[in-house]
Amino acid sequence: MGTVNVINVAKKHKLAWYQKLYSYSIGKGLWITLKHFIKAAFLRGAVTLEFPEKRRKYSTRFRGMHTMKRDEQGRERCTSCFCCMWICPADAIKIEAGHVTPEIQHLHPEDKYAKKFEIDLLRCIFCGMCEEACPKGAIYLDGPAEMAADNREDLILTKERMMQKAGGPILGERV
């Protein structure tokens, strides 16, 4: 194994006399800023989008808002097994289970359902572990990316806000 001569390595990275000046660094930074300003202002190289009219295109792997899926028959997939709640590192998911009665049997495939399902977006770190832990494929992070709100109550997702109206894809597939 060879040794490295530390003195020679340090000599390669020495700054020239003009690079040590404070004004050189300021001038270099201002030049970069001016270059980007000219490109954006005069050469139509703007990097911003006109938000409501134009939407950003996200990757298929992007983790957006939480959505709850339904199966092909329109029934809720969530059986309140609490796997997503237990695996959540930020403790952002709260579930209250309820038993399925004969009147609502057509809405739920199992004997238990999530009577109350809430996700606190202020605590959520969008890690996707709830999505991976769900054995029924009921929760996905594939919703819209716009999460702006005026108050804290709007940043708590309820089951009604997350639930898709139509039946979702088959188990294990992403849209």
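Residues numbered from 1 in each chain as written. Predicted model: local features only at pLDDT ≥ 70, side-chain atom pairs only at ≥ 80, totals over all residues. Heavy atoms only, no water.

Per an unreviewed UniProt entry, the protein carries the name NADH-quinone oxidoreductase subunit I and comes from Leptospira semungkisensis. Here the protein is described in UniProt, under the heading Catalytic activity (unreviewed entry), as follows: "a quinone + NADH + 5 H(+)(in) = a quinol + NAD(+) + 4 H(+)(out)". Under Sequence similarities (unreviewed entry), UniProt gives the following word-for-word description of the protein: "Belongs to the complex I 23 kDa subunit family." (UniProt positions renumbered as here; feature names shortened; annotations may be inferred.)

### Section: the overall build of the protein
Secondary structure summary: the protein contains five helices and five strands in total. Overall, the protein shows an N-to-C arrangement of helices and strands of α-α-β-α-β-β-α-β-β-α. Looking at the protein as a whole, 27% of its 175 residues qualify as buried. A separation of at least 24 residues holds for 71% of the contacts in the protein among residues at least 6 apart in sequence. (Helix = DSSP H or I, 4+ residues; strand = E, 2+ residues; numbered from the N terminus. Buried < 20%, exposed > 50% of the residue type's maximum accessible area, 1.4 Å probe, protein only. Contact = heavy atoms within 4.5 Å.)

### A closer look at unusual backbone geometry
Although it is not a glycine, S80 adopts a positive phi angle of roughly 45°. Relative to the elements of secondary structure, S80 occurs in the loop between β1 (67-68) and α3 (83-87). Residue classification places S80 among the buried residues on the basis of a relative accessible area of 0%. For D91, which is not glycine, the phi torsion reads 55° and is therefore positive. Judged by relative accessible area, which is 39%, D91 ranks as partly exposed.

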